[in-house]
Amino acid sequence: MTTNPVGLYLHIPFCEKKCRYCDFYSFSADENTKQAYVNELIRRIDKYGETLKCKADTLYIGGGTPSLLAPVQIERLVSEAKKVFLTDDAEITVEANPHSSLPEFLKAAAASGVNRMSFGLQSSNENELRFLGRKATPAELENAVKSAFSAGIENISADLMIGLEGQSESSLLKSAEFALGLGVKHISAYILKLEENTPLYKMRDCLALPDEDETANLYLSLCDYLTSKNTLQYEISNFSFRGFESRHNLKYWRCEEYLGIGASAHSFINGRRFYFTRDINAFLNGNEPVPDGDGGGEEEYIMLKLRLAQGINFDEFEKRFSHPFDEKKKEKARLLKEKGLVNIDESGVSLTRNGFLLSNSVICELI
Amino acid sequence: MEQKKTHIRNFSIIAHIDHGKSTLADRLLELTESVSQRDMTEQLLDNMELERERGITIKSHAVTLDYTAADGEKYELNLIDTPGHVDFNYEVSRSLAACEGALLVVDASQGIEAQTLANTYLALDHDLEIVPIINKIDLPAADSDRVAAEIEDIIGLDCSTAPRISAKTGLNTEQVLEKIVEDIPCPSGDDDAPLRALIFDSVYDSYKGVIVYVRVVDGTVKVGDTMRMMATGAEFNVVEAGVMRATSMENRGVLRAGEVGYLTGSIKTVGDARVGDTVTTAEKPAKEPLPGYRKVNPMVFCGIYPADGADYENLREALEKLQLNDAALSFEPETSGALGFGFRCGFLGLLHLEIIQERLEREYNLNLVTTIPSVEYKIHLTSGETVIIDNPTNYPDPATINYSEEPMTAAHIYSPPEYVGTIMDLCQDRRGEYKGMTYLATDRVDIAYDLPLNEIIYDFFDALKSRTRGYASFDYEFKDYVRSNLVKLDVLLNGDGIDALSFIIHADKAYPRARKIAEKLKENIPRQMFEIPIQIAIGGKVIARETVKAMRKDVLAKCYGGDITRKKKLLEKQKEGKKRMRQFGTVEVPQEAFMAVLKLDDD
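Now for a look at the structure at hand.

Reading the values: the criteria
- Residues numbered from 1 in each chain as written.
- Chains lettered and ligands numbered in written order.
- Predicted model: local features only at pLDDT ≥ 70, side-chain atom pairs only at ≥ 80, totals over all residues.
- Heavy atoms only, no water.
- Helix = DSSP H or I, 4+ residues; strand = E, 2+ residues; numbered from the N terminus.
- Buried < 20%, exposed > 50% of the residue type's maximum accessible area, 1.4 Å probe, protein only.
- Contact = heavy atoms within 4.5 Å.
- Areas by Shrake-Rupley, 256 points an atom, 1.4 Å probe, with all protein chains shown as cover.
- Salt bridge = Lys/Arg side-chain N within 4 Å of Asp/Glu carboxyl O.
- Core = buried A, V, L, I, M, F, W, Y, C linked by side-chain atoms within 4.5 Å.
- Domains from an automatic or database assignment.
- Pairing = 2+ DSSP bridges.
- Right-handed = clockwise from strand over helix to strand, strands pointing away.
- Axes fitted to C-alpha atoms, helices over the stretch in contact; angles between N-to-C directions.
- Lys, Arg positive; Asp, Glu negative; His and termini not counted.
- Polar contact = N/O pair within 3.5 Å; in protein donor to acceptor, adjacent residues only side chain to side chain.
- Patch = residues over 30% accessible without salt bridge, like charges linked within 9 Å, V, L, I, M, F, W, Y side chains within 5 Å.

Tallying secondary structure elements over chain A gives 15 helices and 15 strands in all. Taking all 367 residues of chain A together, the buried fraction comes to 59%. Intrachain contacts of chain A at a sequence separation of at least 6 include 70% that bridge at least 24 residues. Total accessible area on chain A stands at roughly 15100 Å², and carbon and sulfur atoms take up 47% of it.

Our next topic: the pattern of salt bridges. Scanning the entire structure with this criterion turns up 55 salt bridges over all chains. D213(A) is paired through a salt bridge with R552(B); the nearest N and O atoms lie 3.6 Å apart. Taken together, the positions of D213(A) in helix α8 (residues 212-228) and R552(B) in the loop between β30 (541-548) and α13 (564-579) put the pair across two chains. Ionic pairing is found between D107(B) and K136(B), a salt bridge with its closest N-O pair at 3.5 Å. Taken as a pair, D107(B) in strand β4 (residues 101-107) and K136(B) in the loop between β5 (129-135) and α5 (144-155) lie far apart in primary sequence, 29 residues in all.

M117(A), F119(A), L360(B) and L493(B) are the most contacted members of the largest nonpolar core, which totals 200 residues. Residue contributions to this core peak at 8 residues, all from α8(A). Inspection of this core shows a minimum of three residues originating in each of domain 1 (6-253) and domain 2 (298-367) of chain A. When residues no more than four places from it in sequence are discounted, the contact partners of L360(B) are I304(B), L315(B), A318(B), L319(B), L322(B), N365(B), L366(B) and L368(B). In this structure, A108(B), L117(B), V147(B) and V260(B) belong to the second largest nonpolar core, which totals 37 residues.

All names here are of chain A. The sheet built from 3 strands is open, its strands ordered β13-β15-β14 with antiparallel pairing. Each end of this open sheet is capped by a strand with a single partner; those strands are β13 (312-313) and β14 (342-344). Pairing between β13 and strand β15 (residues 348-351): 2 bridges, direction antiparallel. For I312, the partnering residue across the bridge sits in β15 and is V349.

The subject of this paragraph is unusual backbone geometry. With the exception of glycine, the majority of residues adopt a negative phi angle, and the majority of peptide bonds are in the trans configuration. With an omega of 15 degrees, the peptide bond between G63(A) and G64(A) qualifies as cis. Topologically, G64(A) is positioned in the loop between β2 (56-63) and α2 (71-84). Despite not being glycine, K53(A) shows a phi value in the positive range, around 50 degrees. For K53(A), the position within the fold is in the loop between α1 (31-52) and β2. The exposure class of K53(A) is exposed, given its relative accessible area of 66%. A positive phi is found at N494(B), a non-glycine position, where the angle reads about 55 degrees.

Residue and element names in this part refer to chain A. Following the sequence through the fold, F325 ends up in the loop between α12 (314-321) and α13 (327-338). C-alpha of F325 to C-alpha of D315: the two residues are 10 residues apart in sequence and 8.7 Å apart in space. Excluding anything up to four places from it in sequence, F325 contacts I302, I312, F314, F317, K330 and V349.

Right, let's talk about the pairing of strand β5 (residues 155-162) of chain A for a bit. Residue and element names in this part refer to chain A. Along β5, 8 of the 8 residues are buried, which leaves the element largely enclosed by surrounding structure. A two-sided burial pattern is seen for β5, the buried positions comprising N155, S157, D159 and M161 on one face and I156, A158, L160 and I162 on the other. For strand β4 (residues 116-122) and β5, the ladder comprises 5 bridges, and the chain directions are parallel. Bridge pairing links Q122 to L160 in β5. In terms of strand pairing, β5 meets strand β6 (residues 186-191) through 6 bridges, oriented parallel. Along β6, the bridge assignment pairs A158 with I187. Since β5 and β6 lie parallel, the crossover through helix α6 (residues 169-181) that links them has a hand, and here it is right-handed.

Residue and element names in this part refer to chain B. The 8 strands lie next to each other as β10-β9-β15-β6-β7-β14-β11-β12, forming an open sheet whose pairing is antiparallel. The two strands at the open ends of the sheet, each matched to only one other strand, are β10 (235-237) and β12 (249-251). Recorded for the sheet is a direction-independent mean angle of 40 degrees between the axes of neighbouring strands. Taken together, the 3 bridges between strand β9 (residues 226-229) and strand β15 (residues 278-281) define a ladder with antiparallel strand orientation. Bridge pairing in β15 links M229 to V279.

Moving on: the environment of D308(B). Residue and element names in this part refer to chain B. Relative to the helices and strands, D308 is located in the loop between β16 (300-306) and α7 (312-325). Classification of D308 by relative accessible area gives partly exposed; the value is 40%. Linking D308 and G340, residues 32 residues apart in sequence, is a C-alpha distance of 9.7 Å.

This brings us to the environment of F283(A). Residue and element names in this part refer to chain A. Looking at the element boundaries, F283 is found in helix α10 (residues 280-284). A relative accessible area of 1% means that F283 is categorised as buried. Counting along the chain gives 19 residues from F283 to S264, while the straight-line C-alpha distance between them is 9.1 Å. Not counting chain neighbours up to four residues away, the residues in contact with F283 comprise Y37, E40, L41, R44, I261, G262, A263 and F276.

All names here are of chain B. Here E178 lies in helix α6 (residues 173-183). Put simply, E178 is tucked away with no salt bridge, and the nearest opposite charge, on R9, sits 9.4 Å away. At a separation of 2.8 Å, a polar atom in the side chain of E178 contacts the main-chain amide nitrogen of A70.

Residue and element names in this part refer to chain A. Within strand β3 (residues 86-96), 8 of the 11 residues are buried, which leaves the element mostly enclosed by the surrounding structure. Pairing analysis gives 5 bridges linking β2 to β3, with the strands arranged parallel. In the sheet register, Y60 faces β3, and the bridge partner there is T93. A crossover connection joins β2 to the parallel β3 through α2; in handedness this β-α-β unit is right-handed. The pairing of β3 with β4 spans 4 bridges and is classified as parallel. Note on β4: the bridge partner recorded for E95 is S118.

A cluster of nonpolar side chains, contributed by Y434(B), M437(B) and Y439(B), occupies part of the molecular surface with about 310 Å² of accessible area. Among the secondary structure elements, Y439(B) is positioned in strand β23 (residues 433-441).

If you want it as structure tokens, here you go:
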């Protein structure tokens with residue numbers, strides 16, 4: 001039985017329209033579907049509450065576009081989660097995109113206890129936004145963030161993307177400057193990856209994306225810029241002012257447990273991983289999630305923890321796995337240190353910024 | 001059913017690649033109703049997958065056809081297929097030795113090629129009756145009269161009654177069967193003499209053991225006899241004796257003088273039934289074996305290593321199995337600092353090497369790393385000792401070398417005259433020594449060169465074909481060893497010498513070759529976590545260098561909402577991919593890099 005508080009994730013698979021790079025499970029849906037879906041989420045929250053009997057100290061409502069829910073729907077979800085799972089000090093995050101009814105949504109959300117918003121900015125450059133198929137303009141995003149502040153939510157994150165067609169160092173840094181100028185406390189900056197079954201992937205041969213070196217340089221410039229503005233890079237792609245790290249996402253990277261409810265949501269509970277299929281009807285019909293094997297093993301732990309700037313602490317590792325961190329791996333890490341990819345000392349091992357850029361290769365060496 | 005010797009015909013087909021040998025063989029099978037239409041796949045005789053893809057016949061097979069001729073008599077026709085490539089000369093000679101005649105198939109639009117000519121002379125050496133056949137007369141470019149005249153001029157064969165056919169459409173192919181019966185002599189031989197049967201091929205079968213293809217020259221062999229291989233002395237109880245049909249084996253229980261067929265006897269390895277050996281019986285042994293047996297000598301050597309060290313024993317087994325079918329393949333264990341445990345293998349030529357490598361990979365599902373092929377050099381040391389080196393790793397300290405020798409071949413290139421210039425450029429570039437030129441016909445010359453073997457084993461044939469738009473053909477044989485100024489090139493990656501990439505080369509070629517190798521390695525070694533200097537050196541002196549830039553970005557950015565499994569799978573896949581590469585110190589080198597170094601074109 002899980003004793004530490006877990007993270008709770010609710011997936012809202014609704015979007016006004018699909019962005020060209022996105023392969024998350026989302027689609028546009030009518031009001032009846034949304035209502036049925038929210039009802040089913042609540043039913044399942046209750047059910048899990050009875051069987052798991054654990055607490056959650058974070059709630060993350062992601063998507064899709066959760067802000068497309070009606071104000072009453074977000075209120076119902078959050079209050080049910082609070083009633084069943086959440087601790088008093090829980091971090092409650094909702095993802096949002098600008099749209100006409102957003103201010104009402106934000107008011108309802110704040111009133112129900114939401115204390116963190118994550119906005120999909122991606123870029124403040126109109127050409128780059130068009131390339132991604134993003135609807136909202138920078139001005140609309142600015143208004144959205146303002147509405148969040150006026151609703152009383154100050155812990156705000158914005159997403160940026162690196163490696164877009166036509167993106168230059170200056171356009172990227174302008175986007176970052178724009179985000180910081182809005183007063184956000186947290187920035188997630190992901191390198192564009194062309195996922196199969198997305199429109200961008202199908203167009204991949206006609207795209208003029210920055211090459212490997214250019215993308216790497218963009219990433220490093222952004223890291224430099226954001227840290228020069230007093231944010232901390234606490235994970236490969238995540239930056240925040242002190243104390244504003246995403247507590248929910250940290251659970252993933254610390255290999256801690258979480259319960260994900262909703263179509264396509266993944267869970268890691270009591271050492272087991274399981275997930276709901278990407279099928280809203282299966283979810284609405286009450287289908288059970290699919291088992292996905294045991295989780296939390298050594299490889300997983302190393303893979304996830306090395307994404308964090310803090311990396312792996314050897315004492316913590318030993319406490320968790322009841323044996324010391326493998327000497328051979330330390331040896332490999334020391335070789336990688338010579339190449340400037342890894343930091344290693346008596347207390348632990350972590351990746352450098354260049355190591356972050358090569359994290360797949362580096363982690364492959366260390367698992 | 002016993003067949004009178006007068007009603008047996010044993011023959012093979014000589015043809016240049018693409019001149020229609022396999023298609024003609026298919027037609028003969030069809031005409032003799034050896035195969036039902038339904039079973040007829042194109043080019044049935046080439047039943048190895050690889051053979052079909054390459055469009056060449058690698059190993060010989062035999063098939064027995066029943067034919068009722070125009071005279072109303074029933075004949076047994078034994079078609080013995082022959083390999084068509086310069087690497088397999090010895091096997092061709094054994095197949096020919098099993099026949100009384102050969103069909104010479106010539107493309108009506110192309111004329112005689114070097115390979116055809118070489119095999120025709122081989123057949124004439126064996127006193128075979130040659131039946132010329134002009135094929136592909138349906139092609140718009142066909143010029144049967146010209147080709148007939150060429151055959152008459154060059155080989156001196158009368159072509160006035162040569163069938164002019166299209167094996168593809170079937171036109172006039174029935175004439176071929178009649179010509180076989182009319183022109184090719186029947187076999188002779190004494191059924192009661194001690195058994196002497198020539199092994200012209202042997203194939204390993206997992207149920208029957210080695211299937212030995214033989215031509216019975218003298219005597220009779222029956223199921224239950226004890227067969228004895230005269231060269232190896234190995235003895236086996238005959239389990240089956242019969243003939244090969246197009247799609248099955250027909251165990252007749254007995255084979256007599258003049259017949260072509262197969263024997264089985266729970267023979268475990270082809271090493272016990274080598275091509276060219278003579279089968280007799282222990283009960284009534286022959287005094288002398290048939291002439292012509294020799295253990296074929298490999299000319300080209302390379303190291304073959306399992307990509308995964310755990311596959312070493314599997315590789316050994318696979319090589320042993322291939323050797324069952326291929327007496328020309330040699331191998332012995334060796335170790336490499338870079339590659340671990342593997343085998344030094346000997347081949348007839350580069351094509352032979354490639355075929356073995358592909359078969360190991362496809363049929364035995366092995367991942368291999370192959371080192372750069374080498375020939376055998378004779379190194380004369382200042383001590384007076386002579387060492388034979390086929391592995392650059394064993395190359396002696398240059399200070400101890402008095403002089404070196406390399407194998408030289410006598411090569412003939414047959415081509416239309418307009419390509420003489422470009423061919424001479426190529427041969428010159430390959431350190432060839434011009435020996436003369438003969439006009440075989442107005443549009444065909446024979447250019448003779450002495451060419452060092454190590455210049456032709458890599459890609460000479462490819463270069464020749466591309467320079468002559470495929471019109472030139474090529475044949476060579478080993479001549480002798482000649483003095484040569486050799487050096488050993490070493491490849492260093494990230495400062496570490498890679499023994500598996502070293503090779504021996506003529507000093508004049510060292511610089512350009514070194515530059516090319518460096519470039520090829522750069523193209524084929526993927527960017528890794530750090531910069532990789534590539535250096536090519538003679539002794540301690542670096543003569544070429546390149547750098548593989550460090551990889552900059554290899555990161556899974558997104559978190560996929562807690563889908564850790566997906567992330568883990570991606571990493572596992574990546575790790576799996578790395579396994580397919582060879583680790584040299586800190587550098588990973590994919591198999592393609594070895595292959596690229598091996599195949600340096602002249603482009």
